[in-house]
Amino acid sequence: MRYLVREKLFAVGDDYWIEDDRGHKAYLVDGKVLRLRHTFELKDAHGRVVAVVKEKAFTVRDAMKIEDADGEVVATVREKLFTPFRDKYLVELASGGELKIHGNLIDKDYRIENHHGDDLARISRKWFRIRDTYGVEIADGADTGLLLAIAACVDHLVHEEH
């Protein structure tokens, strides 16, 4: 399944819909205002919270944590320590293991892989002609909410860095 996502997810109080490839509203990005850290909730089309994303405060490396609807941290997206050229971020899963992020982050042409090297998601600006948007293609059986939240974290971290 492919989704259409607007860039700059963390505009203050900005709420909007992520659409599926048929143009249907699939996930609501509910930006939270008046918070010390950037925060948003990702809700499904029925209003159920799928993920809560919060910028981690007071970290040496840029990082964002992703929580489930119960407030349990399921993943942390963080900057790698030593990355001279590319692939600056990784995802640490609370259940153990990592997801790797490979590609051109600035131009929105990258993929998220599991520890076996299988693509879980491909992110690309090339699929859509709409300004300030990009596509997220999720592999069958992968956790859509988590992967959309990871793409949002990468978008925010790259935007903050540049």
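This is a predicted model, so every value here is computed, not measured. (Residues numbered from 1 in each chain as written. Predicted model: local features only at pLDDT ≥ 70, side-chain atom pairs only at ≥ 80, totals over all residues. Heavy atoms only, no water.)

Participant: Before we move on, can you summarise the overall build of the protein chain with the specific residues and values?
Facilitator: When helices and strands are counted, the protein chain shows 1 helix and 12 strands. Helices and strands in the protein chain line up, N terminus first, as β-β-β-β-β-β-β-β-β-β-β-β-α. The buried share of the protein chain, taken over its 162 residues, is 45%. In the form shown here, the protein chain has an accessible surface area of approximately 9,000 Å², with 48% of it arising from carbon and sulfur atoms. (Helix = DSSP H or I, 4+ residues; strand = E, 2+ residues; numbered from the N terminus. Buried < 20%, exposed > 50% of the residue type's maximum accessible area, 1.4 Å probe, protein only. Areas by Shrake-Rupley, 256 points an atom, 1.4 Å probe, with all protein chains shown as cover.)

Participant: Could you give an account of helix α1 (residues 144–161), with specific residues and numbers?
Facilitator: Taking 1.5 Å as the rise per residue, α1 with 18 residues should run 26 Å; its terminal C-alpha atoms sit 26 Å apart, in good agreement. A large share of α1 lies buried, amounting to 15 of its 18 residues. Of the residues flanking the start of α1, the one acting as N-cap is Asp143, its side-chain oxygen 3.3 Å from the backbone nitrogen of Gly145. (Expected span 1.5 Å × (residues − 1). Polar contact = N/O pair within 3.5 Å; in protein donor to acceptor, adjacent residues only side chain to side chain.)

Participant: Tell me what's going on with the sheet that holds strand β10 (residues 109–113), and back it up with residues and numbers.
Facilitator: Taken in spatial order, the 12 strands line up as β1-β2-β3-β4-β5-β6-β7-β8-β9-β10-β11-β12 and close into a barrel, and their pairing is antiparallel. Averaged over neighbouring strand pairs, the angle between their axes works out to 20° when direction is ignored. Judged from the 5 bridges that link them, strand β4 (residues 39–44) and strand β5 (residues 49–55) form a sheet pairing that is antiparallel. Each bridged residue has a counterpart across the sheet, and for Glu41 the counterpart in β5 is Val52. (Pairing = 2+ DSSP bridges. Axes fitted to C-alpha atoms, helices over the stretch in contact; angles between N-to-C directions.)

Participant: Now, about the pairing of strand β2 (residues 15–20): what can you tell me, with residues and values included?
Facilitator: Both strand β1 (residues 2–6) and β2 contribute to a ladder of 2 bridges, which runs antiparallel. In the strand pairing of β2, Leu4 is matched with Glu19. Alignment of β2 against strand β3 (residues 25–31), held across 5 bridges, turns out to be antiparallel. Note that in β3 the partner of Tyr16 across the bridge is Val29. In textbook terms, the turn of a hairpin is the stretch between consecutive antiparallel strands, and for β2 and β3 this stretch comprises 4 residues, one of which, Gly23, has a positive phi near 85°.

Participant: Before we move on, could you go through the environment of Glu92 and cite the residues and values that matter?
Facilitator: By secondary structure assignment, the location of Glu92 is in strand β8 (residues 89–93). In this structure Glu92 comes out as partly exposed when scored by relative accessible area, which is 28%. Among residues more than four places away in sequence, those in contact with Glu92 are Val74, Ala75, Thr76, Arg78, Gly97 and Glu98. (Contact = heavy atoms within 4.5 Å.)

Participant: Describe the packing of aromatic side chains, and please don't skip the residues or the numbers.
Facilitator: For the structure on display, the rule yields 1 aromatic pair. Aromatic pair Tyr3 and Tyr27: ring centres 5.9 Å apart, planes at 70°, arrangement edge-to-face. Highlighted residues: Tyr3 in strand β1 and Tyr27 in strand β3, separated in sequence by 24 residues. For the pair Tyr3 and Tyr27, one class covers both residues: buried. A cation sits over an aromatic face here: Lys108 above Tyr134, 5.6 Å from the ring centre. (Phe/Tyr/Trp six-rings, centres within 6.5 Å; stacked < 30°, edge-to-face > 60°. Lys NZ or Arg CZ within 6 Å of the ring centre and 35° of its normal.)

Structural measurements only, silent on function.
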